[in-house]
Amino acid sequence: MPPGYHITTGPAAIFYDPGLRASGDFRAELEVFLFDPGQRREAFGIFLGGGDLQGSGQEYTYFLIRNGGEFILKRRQGADAPTVRPWTAHEAIQSYADRGDDVSVRNVLAVEAQGDRVRFFVNGQQVADVPRAEVPVDGQVGIRVNHALNLHVARLAVAPLG
């Protein structure tokens, strides 16, 4: 479904291209459109620092938003999923109700890793700034989508910060 691809989930899942990785100073960006979520407030977003994604030692840092205008930062460490920053409301996050006459609502999530800091953005506004030691981000990059969501991913890209 150009540009990008369409995702409709049953159970939650992660999606990634094994060739899309990030390290050093970089910016990762996800442009995504949410279609009618009904009353569900399931989350979706970007993951970074992925490793052992097919195994029991799966690990990654994930930055998700959900309908209703909130974001969360978490880690996946095998069976554990510690919270780095809890659900937090932010005005930059567009909810399905904000779409006007459109059939979907657009959000752009970005993560900038530079030096010892990692900054998280939604629609150009910084929503969090975390020490890099707290959120490992070097490794596989991809998309995490919770259950029963209908999304269109227009772009997922990684570029060096220079």
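Scroll up for the structure.
Attention here is on the structure that accompanies the text.

**What to know about unusual backbone geometry**
Thought 1: A positive phi angle, close to 50°, is found at D52, a residue other than glycine.
Thought 2: Here D52 lies in the loop between strand 4 (43-51) and strand 5 (59-66).
Thought 3: In this structure D52 comes out as partly exposed when scored by relative accessible area, which is 46%.
Thought 4: The residue N123 is not glycine, and still its phi comes out positive at about 50°.
Thought 5: Positionally, N123 belongs in the loop between strand 9 (117-122) and strand 10 (125-131).
Thought 6: In this structure N123 comes out as partly exposed when scored by relative accessible area, which is 27%.

**What about the environment of L156?**
Thought 1: Tracing the backbone shows L156 in strand 12 (residues 150-160).
Thought 2: Distance from L156 to G4, taken between C-alpha atoms, is 8.3 Å for residues 152 residues apart in sequence.
Thought 3: Ignoring anything within four residues of it in the chain, the contact list for L156 reads Y5, L20, E29, L30, I46, V141, G142 and I143.

Analysis parameters
- Residues numbered from 1 in each chain as written.
- Predicted model: local features only at pLDDT ≥ 70, side-chain atom pairs only at ≥ 80, totals over all residues.
- Heavy atoms only, no water.
- Helix = DSSP H or I, 4+ residues; strand = E, 2+ residues; numbered from the N terminus.
- Buried < 20%, exposed > 50% of the residue type's maximum accessible area, 1.4 Å probe, protein only.
- Contact = heavy atoms within 4.5 Å.

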